[in-house]
Amino acid sequence: MIQSDNVLDAKGLACPMPIVKTRKMMKEMEDGQVLEVQSTDSGTTADLQAWAESVGHQYVGNVKEADVWSHFVRKAGQEDQSQKEYPVTVDNNELLAQLQHPDTVLVDVREEAEYAFAHIPGALSIPLGQLDERMADLSKDKKFFVVCRTGNRSDMACRKLVAKGFENVTNVIPGMSKWNGEIENTVGGMNK
Amino acid sequence: MRIIQSSEVAKRVIAKESLFILDVRNETAFEDWKIEGEQVRHLNVPYFDLLDGIEEIEDQLPKDEEILVVCAKEGSSVMVAEILEEEGYSVGYLSGGMKAWSEYLEPVKIADLKSGGELYQFVRLGKGCLSYMVISGGEAAIIDATRMTDVFMDFATERGVKITNVLDTHLHADHISGGRQIALATGATYWLPPKDAVEVIFEYAALEGDTSIQIGDTKIDIQALYSPGHTIGSTSFIVDDSYLMTGDILFIDSIGRPDLAGLAEDWVGDLRESLYSRYKELSGELTVLPAHFMIIDELNEDGSVSEKLGVLYKQNHGLNIEDEKEFRELVTGNLPPQPNAYQEIRQMNMGKIQPDEETQREMEIGPNRCAVR
């Protein structure tokens, strides 16, 4: 079961309705939230990807069960445009080297749906919105590397961690959008 | 708002009439294939970019000519056409969308045969497939039928002829053959080259070199000529001593590709042998009728696709490569992408899988890619 903030039932609808309804529902959602679009029209996959790209939303991936596709689309959020402020950073290549270290903990702060379709093996999934409550489970002795799609959400997560007394925290820039290393997919569907 | 049928679009493309198309599919689908024509102009803007209105594209739309709005299945084109109509444009949409366009067949009469029959070509403009019907003495033979079997059967019924023989020049990889279905529906004999048919799971009549098939009282001769290269079994037919049906071995402006049913390296020698020896022994006066065309320029004035063999030996680049190594390089290196779902299409043409109609449509989406130029 892939988590989403909202579900749109577009089953049985023909083009253009799945996109028209997705667009309407996305307008009412908050930045960064994930919408699941259920569709039976095979044309929706390509159109939803093309539409998301043209308006700046993130097409996360889809899974197909029986004759129903479940598409996951994330609303482009403010945090995607904000400036990176946290000073301690590594690039993707340096992260690869650091992953060998036994004390390293890699925290992936993207939404669960994004994590489900493609993440670095061993990464711990804590969506940014849940970080405050789940921080207590983390050991302050570890070396934390924080990753998201482009480095902005992880920038905010790093600042939150440091504010709560974590000392060894590093932001990964740019993150998953440019990750060429090994990838794990826990849902079996296709990711974009 | 006008509902425009594929048959009208086909006639306008063949007549080289001016046509302005607003194609509202996504850009990838548009780049993959579209309605082609000498005087066809396109504007591609996905429907989802027009949901707030058409202000941004207004300067690119003609005010004094009808706009044909096209999408994949029709739904989005109706929506966009309605917006255009409200804004005062003269507009129509393509009934059934590109799906219908891909399935439309335009029948063109090729000739009255000297022994008294007729020869028709069925031009599938949306996909570049060419099928044939030979009619004589109340009987008909169909060659390389597409899956729109009703078109062929209705055509025969309208002319009061009985379909007695159905032939495929080879096991197709780019489109679904209607041959077996027509044979089942009419009781006709279905002929396939046995070397292409080793895996088929139904009964067929073995079509081998030097086989002759008679159509009607006037005895139109369909003479089989083994010409491997595109597939190992590829067979050409000579109809009425005048027409050479080359299947996917030789086209008007290109030649067959040898890689869709096996290894290009293995069959390139066969292809060269067929094109540079076997065909060369035939009369240059034969009219070549291929199973495909690749570009709209290959159409004659009347919409047919044909040319004298002698002319092709002068003009077709693929027939004029002296150096064998260069020829090998042309047909094995730089091959175009393989057709959509070609493995599944082969499986289906062998009778091994039987997907529903919607799946069959999707398997055939996209342009024809059987040739190398």
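In this numbering scheme, every chain counts its residues from 1 along its sequence in written order. Chains carry letters from A onward and ligands carry numbers from 1 onward, assigned in written order. Restriction of local features to residues with pLDDT of at least 70 applies here, the model being predicted, together with a cutoff of 80 or more for giving and counting side-chain atom pairs; totals for whole chains, interfaces and linings are based on all residues.

### A few points about the interface of chain B and chain A
Working step 1: With C-beta atoms placed from the backbone, a contact is any residue pair whose C-beta atoms sit within 7 Å. Taken together, the 15 residues of chain B in the interface contact 13 residues of chain A.
Working step 2: Of all the elements in the fold, those that place two or more residues in the side of chain B that touches chain A are helix H2 (27-32) and helix H3 (75-86) of chain B. Each helix is a run of H or I in the DSSP string that is no shorter than four residues. Each strand is a run of E no shorter than two, and both are numbered from the N terminus.

### A closer look at the sheet that holds strand S9 (residues 139-143) of chain B
Residue and element names in this part refer to chain B.
Working step 1: We call two strands paired when DSSP finds no fewer than two bridges between them. Taken in spatial order, the seven strands of this open sheet run S6-S7-S8-S9-S10-S11-S12, and their pairing is mixed. Unpaired on one side and paired on the other, strand S6 (106-112) and strand S12 (205-206) mark the two borders of the sheet.
Working step 2: As judged from the five bridges shared by S9 and strand S10 (residues 162-167), these two strands associate in the parallel manner. Bridge pairing in S10 links Ile-142 to Val-166.
Working step 3: On the sheet, helix H6 (residues 179-186) packs against S9, S10 and strand S11 (189-192) and is oriented at approximately 150° with respect to S10. Each axis is a line fitted through C-alpha atoms, taken for helices only over the stretch in contact, and angles between the N-to-C directions span 0 to 180 degrees.

### With respect to the confidence of the model for chain B
Working step 1: Per-chain confidence: chain B averages 91 in pLDDT, with 95% of residues scoring 70 or above.
Working step 2: Quick note on the complex model: pTM equals 0.84, ipTM equals 0.78. Every residue is assigned a pLDDT by the predictor, reflecting its confidence on a scale from 0 to 100.

### A short note on H3(B)
Working step 1: Multiplying 1.5 Å by the helix residue count minus one yields the expected span of that helix. Between its terminal C-alpha atoms H3(B) stretches 17 Å, which fits the 16 Å expected from 12 residues at 1.5 Å a residue.
Working step 2: Buried residues along H3(B) sit in contact with strand S2 (19-23), strand S4 (67-70), strand S5 (91-94) and helix H4 (97-103) of chain B.

### Some points on the sheet that holds strand S8 (residues 143-147) of chain A
All names here are of chain A.
Working step 1: Read from one edge to the other, the open sheet built from five strands follows the order S5-S9-S8-S6-S7, with strand pairing classed as parallel. Only two strands of the sheet have a single partner each, and these edge strands are strand S5 (89-90) and strand S7 (124-125).
Working step 2: Sheet analysis places S8 next to strand S9 (residues 169-172), joined by three bridges and oriented parallel. From the neighbouring strand, Phe-145 faces S9, where its bridge partner is Thr-170.
Working step 3: Against the sheet, helix H6 (residues 152-163) touches S8 and S9, its axis set at about 175° to S9.

### Overview of the packing of helix H5 (residues 149-158) of chain B against H6(B)
Residue and element names in this part refer to chain B.
Working step 1: The contact between H5 and H6 brings their axes to 9 Å, and the two run at 45°. Overall, the two elements H5 and H6 adopt an arrangement that is oblique. As H5 runs across H6, the sense of the crossing is right-handed. Contacts between H5 and H6 involve Thr-149, Phe-152 and Met-153 from the first element and Gln-181, Ile-182, Ala-185 and Thr-186 from the second.
Working step 2: When residue character is reported, Ala, Val, Leu, Ile, Met, Phe, Trp, Tyr, Cys and Pro are called nonpolar, Asp, Glu, Lys and Arg charged, and the others, Gly included, polar. Class assignment of the residues belonging to the contact of H5 with H6 gives a composition of four nonpolar, three polar and no charged. An angle below 35 degrees is treated as roughly parallel, one above 145 as roughly antiparallel, one from 65 to 115 as roughly perpendicular, and anything else as oblique. Helix crossings get a hand from a simple test, with the near helix turned counterclockwise from the far one by less than a right angle marking a left-handed crossing and a clockwise turn marking a right-handed one.

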